[in-house]
Amino acid sequence: MSALQDTTALREQIIATCHSMVQSGLVDGTAGNISVRVTDGLLLTPSALPYEQMTPDHICKLALTEAPAPNASPKPTTEWAFHQAVMQARPDVTAVVHAHPPYATAIAIQRRKIEAVHYMVAVFGGTDVPLVDYALFGSPKLAQGVADAVKDRDGCLMANHGALTTGNSLDQALWRMQELENLARMETYARIGGEPVLLSDADIAEVLASFADYKPQ
Ligand SMILES: [Zn+2]
């Protein structure tokens with residue numbers, strides 16, 4: 001594709017995904033952000049703009065390895081650094097979704113990862129959804145922690161902050177965010193009755209092998 005790639009449809013899909021995250025309770029206000037890989041960088045949601053005011057022109061373009069210009073307008077999300085770091089660490093990833101969904105964030109506040117409480121944990125590529133150490137939002141340290149966490153997983157929790165998922169499409173990254181919140185909610189309910197019983201590594205390996213034949217998404 002040429003540098004003249006028409007990104008209008010992608011920009012509209014990013015805005016539609018923002019609305020969808022609000023409707024499904026994954027995001028309150030503007031506390032979610034999205035990136036999608038394009039031929040010469042990534043498209044990013046803007047900083048602090050209410051989703052209902054967002055038009056395709058507000059979606060920001062960022063190179064894969066350069067910081068945004070200080071006077072960039074529109075200004076990209078304050079979390080541009082971890083979006084960029086994930087895209088650099090995972091060339092196979094096309095879309096990244098970040099949000100502060102209540103159940104997943106509550107577990108991140110307890111500074112726990114999500115363990116193998118349900119077989120659907122395998123949609124994140126292994127036996128758990130890892131937890132990234134706390135670091136200031138927008139910081140290079142947070143970007144590095146997130147990039148490390150998703151090297152072999154398609155999602156992570158961020159201590160006292162929220163969650164992030166990846167996908168080979170925006171739909172898949174959004175679906176994983178919903179699944180992550182579902183897992184966190186089920187885990188929370190299960191703990192009401194005591195300590196959850198976890199699946200073994202062998203159980204999850206079997207699920208992963210089955211997903212190779214049948215992918216839920
Ligand atoms: Zn955040």
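Attention here is on the structure that accompanies the text. Since the structure is predicted, the reported quantities are computational estimates derived from the model, not experimental observations.

Structural notes on the overall build of the protein chain
The number of helices and strands found in the protein chain is six helices and seven strands. Relative to the globule expectation of 17 Å for 217 residues, the C-alpha radius of gyration of the protein chain, 17 Å, shows essentially globular dimensions. Judged by the C-alpha coordinates and their principal axes, the protein chain covers about 50 × 35 × 30 Å. Burial statistics for the protein chain: of 217 residues in total, 40% are counted as buried. Once local pairs closer than 6 in sequence are excluded, the contacts in the protein chain between residues at least 24 apart make up 66%.

Points about the sheet that holds strand β5 (residues 131–132)
The strand order across the open sheet formed by seven strands is β3-β2-β1-β4-β7-β6-β5, and the pairing between neighbours is mixed. The sheet is open, and its two borders are formed by β3 (60–62) and β5, each paired with just one other strand. Along the sheet face, helix α3 (residues 102–109) touches β5, β6 (155–158) and β7 (162–167) and points at about 120 degrees away from the line of β7.

What to know about the pairing of β7
When you tally the buried positions in β7, you get six out of six residues, the bulk of the element. Bridge analysis of strand β4 (residues 95–99) against β7 gives five bridges, and the strand direction is antiparallel. Along β7, the bridge assignment pairs His98 with Leu164. Pairing between β6 and β7: four bridges, direction antiparallel. In the strand pairing of β7, Gly155 is matched with Thr165. Remark: three residues form the turn of the hairpin made by β6 and β7, two consecutive strands paired antiparallel; Asn160 in that turn has positive phi of roughly 50 degrees.

Let's talk about the nonpolar core
Counting residues in each nonpolar core, the largest one holds 56 residues, and the members touching the most others are Val86, Val96, Val146, Cys156, Leu157 and Ala163. Broken down by element, this core gets its largest block of residues, seven residues, from helix α5 (residues 170–192). Each residue touching Val146, except ones within four places of it in the same chain, is listed here: Phe82, Ala85, Val86, Val132, Cys156, Met158 and Leu164.

Examining helix α2 (residues 80–89)
The α-helix advances 3.6 residues per turn, and as a result positions three or four apart in sequence lie on the same side. Of all 10 residues in α2, eight are buried; the element is thus mostly enclosed. Summarising the contacts, the buried residues of α2 are in contact with β1 (33–38), β2 (41–44), β3, β4, α4 (140–149) and β7.

Let's talk about unusual backbone geometry
Here the residue pair Ser73 and Pro74 is connected by a cis peptide bond, since its omega of 0 degrees sits within 30 degrees of zero. Among the secondary structure elements, Pro74 is positioned in the loop between β3 and α2. The residue Ala48 is not glycine, and still its phi comes out positive at about 50 degrees. Looking at the secondary structure, you find Ala48 in the loop between β2 and β3.

Here's the deal with the packing of α2 against α4
The contact between α2 and α4 brings their axes to 8 Å, and the two run at 35 degrees. α4 is crossed by α2, and the crossing has right-handed handedness. Residues Ala81, Phe82, Ala85, Val86, Gln88 and Ala89 of α2 touch α4, and the partners they reach there are Pro140, Leu142, Ala143, Gln144, Val146 and Ala147.

Concerning the pairing of β6
Side chains Gly155 and Leu157 project from β6 onto one buried face, and the interleaved Cys156 and Met158 project onto a second face that is buried too. Pairing between β5 and β6: two bridges, direction parallel. Note that in β6 the partner of Val132 across the bridge is Met158. What joins β5 to β6 is α4, and the crossover it makes is right-handed.

Observations regarding the environment of Ser35
Mapping Ser35 onto the fold places it in strand β1. When the C-alpha positions of Ser35 and Ile14 are compared, they lie 7.9 Å apart, and in sequence the two are 21 residues distant. Not counting residues up to four positions away in its chain, the partners in contact with Ser35 are Leu42, Leu43, Leu44, His83, Met87, Ala95 and Val96.

Notes on the environment of Leu174
Relative to the helices and strands, Leu174 resides in helix α5. Each C-alpha atom of the pair Leu174 and Ser210 lies 22 Å from the other, and the pair is 36 residues apart in sequence. Apart from the residues lying within four places of it in its own chain, the contact partners of Leu174 are Thr17, Ser20 and Val97.

The rules behind these values
Residues numbered from 1 in each chain as written. Predicted model: local features only at pLDDT ≥ 70, side-chain atom pairs only at ≥ 80, totals over all residues. Helix = DSSP H or I, 4+ residues; strand = E, 2+ residues; numbered from the N terminus. Rg over C-alpha atoms; globule rule 2.2 N^0.38 Å. Buried ≥ 20, exposed ≤ 12 C-beta atoms within 10 Å, placed from the backbone. Contact = placed C-beta atoms within 7 Å. Pairing = 2+ DSSP bridges. Axes fitted to C-alpha atoms, helices over the stretch in contact; angles between N-to-C directions. Core = buried A, V, L, I, M, F, W, Y, C linked by C-beta atoms within 7 Å. Left-handed = near helix turned anticlockwise from the far one by under 90°. Right-handed = clockwise from strand over helix to strand, strands pointing away.

Honestly, that's just the spatial picture; any functional story needs more than this.
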